[in-house]
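Each chain, letter by letter, is given below.
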Amino acid sequence: MLRVAGRTASAGAALATTLAGVNAIGEVSYREDPQGLGEAARLLRLSSTAPPRLSASQQADLAANGYVVVARFLTAAHLRAARAEVAAMRKAGAFAPAVGGEVVRTDSVHWLGIRAAQPALVAALAELRALPATMRSFGGFEAARVEGAEAARPLLGVPREGQLACYEPAASREGQCSGARYRPHRDGFASLHPRALLLPGIYMREVTAVLYLSPNEDEWAGASGGGEVVATGGAAAGRPGSLVLYLDAAAEDERGATASRVAEVRPVAGTLVLFDSRRMLHEVLPHGECSAERVALTVWFGGAHRGASLRDVLRAMLPARCLGVL
Ligand SMILES: O=C(O)CCC(=O)C(=O)O
Ligand SMILES: [Fe+2]
């Protein structure tokens, strides 16, 4: 892919400024394996659209609302290939119950690395990992940090792994009356949360990117054709299997009661949702009657992922006004 090649070449200088083996800065996301992408590179070519992948207005939406929904992030051919790979992995028993406990979440997951054996999924992961490089400013939640010289590069860390998650329909969960779900939660914590010191990789998440790879688009989209519904009032619209974003929920609200509105996103294959990991309270409603599986590939961008330098961790934890000292 031209974009990959171009980015890899121009990444050389940036690479020297980061720790070896660290992939903390989006700009250099592809440098690990410029040649070896092989089949994944072919698929990337297949799925690419002209950069930037997020338009200015989508970036503005993300900054203003704390989330943005992008339809058709991958091509149909790429999606088909990725879904076939997920199906094969499921058959081979590659998914395990998610950590967090039945009370919180009942999906099963597989951590997909940048060198995984599934080219279409690796290519999808690469597309997601390229996002920070196309987002120079995160407006609301990054603008404060992107000042002066820092404006030249994105400050979001890019992890080497994405989480593939499958939510089973009720029918296939023996003895369960509802399908898999993920109760209301936030993916990250605000800066200086004490638990960030113990688990910086999780607690420093700043932006969540969820790309749906669910099979059976029609079933998920329904008659309305899927997409995103924003409802006023705190009550979730509540279609089974939807991702519900509780907009403007108070920081201490863990259930969504204080949300001014809710946005409901259908997990239609190819749909990408980006949101503010720290502020956006969200949940996956129980899967329900559908027979279709609900599959998502999620990547968290942020200041301190596995392999990030101490400097990155500190940078993520300090208030913007202190950044000058790092
Ligand atoms: O699959 C989704 O829609 C979101 C999943 C989620 O919230 C998570 O994995 O943290
Ligand atoms: Fe989440």
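Residues numbered from 1 in each chain as written. Chains lettered and ligands numbered in written order. Predicted model: local features only at pLDDT ≥ 70, side-chain atom pairs only at ≥ 80, totals over all residues. Heavy atoms only, no water.

Chemist: Please provide a residue-by-residue account of the coordination of the iron ion (ligand 2), values included.
Modeler: Distances from the iron ion (ligand 2) to its protein donors, H185 (NE2), D187 (OD) and H282 (NE2), fall at 2.0 to 2.2 Å. If you list the donors of the iron ion (ligand 2) from N- to C-terminus, the spacing comes out as H-x1-D-x94-H. Of this pair, D187 sits in the loop between β5 (182–185) and α7 (200–203) while H282 sits in strand β11 (residues 281–284), and the two are 95 residues apart along the sequence. Given the relative accessible area of 7%, D187 is considered buried. Judged by its relative accessible area of 4%, H282 is buried. (Donors = N, O, S within 2.8 Å, 3.2 Å for Na, K, Ca; no water. Helix = DSSP H or I, 4+ residues; strand = E, 2+ residues; numbered from the N terminus. Buried < 20%, exposed > 50% of the residue type's maximum accessible area, 1.4 Å probe, protein only.)

Chemist: Report on the packing of aromatic side chains, specifying residues and quantitative values.
Modeler: For the structure on display, the rule yields one aromatic pair. Pairing W111 with W300 gives two aromatic rings, centres 6.2 Å apart and planes at 40°, and the pair type is tilted. A residue pair is termed long-range when its members are at least 10 positions apart, and W111 in strand β3 (residues 108–113) and W300 in strand β12 (residues 294–302) qualify at 189 residues. Residue classification places W111 among the partly exposed positions, given a relative accessible area of 40%. Look at W300 and you get buried, because its relative accessible area is 8%. (Phe/Tyr/Trp six-rings, centres within 6.5 Å; stacked < 30°, edge-to-face > 60°.)

Chemist: For the site of ligand 1, give the residues involved together with the corresponding values.
Modeler: Close to ligand 1 lie 13 residues, the nearest being H185, D187, Y212, H282 and R294. A distance of 3.4 Å is found between an oxygen atom of ligand 1 and a side-chain nitrogen or oxygen belonging to Q163. Alone, ligand 1 offers 300 Å² of accessible surface; in the complex the protein occludes 99% of this. Secondary-structure elements contributing two or more residues to the shell around ligand 1 are β4 (161–167), β5, β6 (205–212), β11 and β12. (Near = heavy atom within 4 Å. Polar contact = N/O pair within 3.5 Å; in protein donor to acceptor, adjacent residues only side chain to side chain. Areas by Shrake-Rupley, 256 points an atom, 1.4 Å probe, with all protein chains shown as cover.)

Chemist: Can you break down the confidence of the model for the protein residue by residue, with the values?
Modeler: On average, residues of the protein score 70 in pLDDT, and 57% of them reach the 70 mark or higher. Below a pLDDT of 50 lies the segment residues 42–51, which in the model reaches 27 contacts outside its immediate sequence neighbourhood of four places, other chains included. Segment residues 304–308 is flagged for pLDDT under 50; beyond a separation of four residues in sequence, or across chains, it makes 14 contacts in the model. (pLDDT = per-residue confidence, 0-100. Contact = heavy atoms within 4.5 Å.)

Chemist: Give me the lowdown on the packing of helix α4 (residues 76–91) against helix α5 (residues 119–129), citing residues and values where you can.
Modeler: Between α4 and α5, the least distance of the axes is 7 Å, while the angle of their chain directions is 120°. Between α4 and α5, the angle is such that the two are oblique. Crossing geometry of α4 relative to α5 is assigned as left-handed. Across from H78, A81, A82, E85, V86 and M89 in α4, the residues of α5 making contact are P119, A120, L121, A123 and A124. (Axes fitted to C-alpha atoms, helices over the stretch in contact; angles between N-to-C directions. Parallel < 35°, antiparallel > 145°, perpendicular 65-115°, else oblique. Left-handed = near helix turned anticlockwise from the far one by under 90°.)

Chemist: Explain the side chain of S242 to me, and be specific about the residues and the numbers.
Modeler: As for its position among the elements, S242 is in the loop between β7 (228–232) and β8 (243–247). One polar contact links S242 to R266, side chain to side chain, over a distance of 2.8 Å. Look past the residues within four positions of S242 in its chain and what remains in contact with it is E264, V265, R266, P267, E283, V284, L285 and R294.

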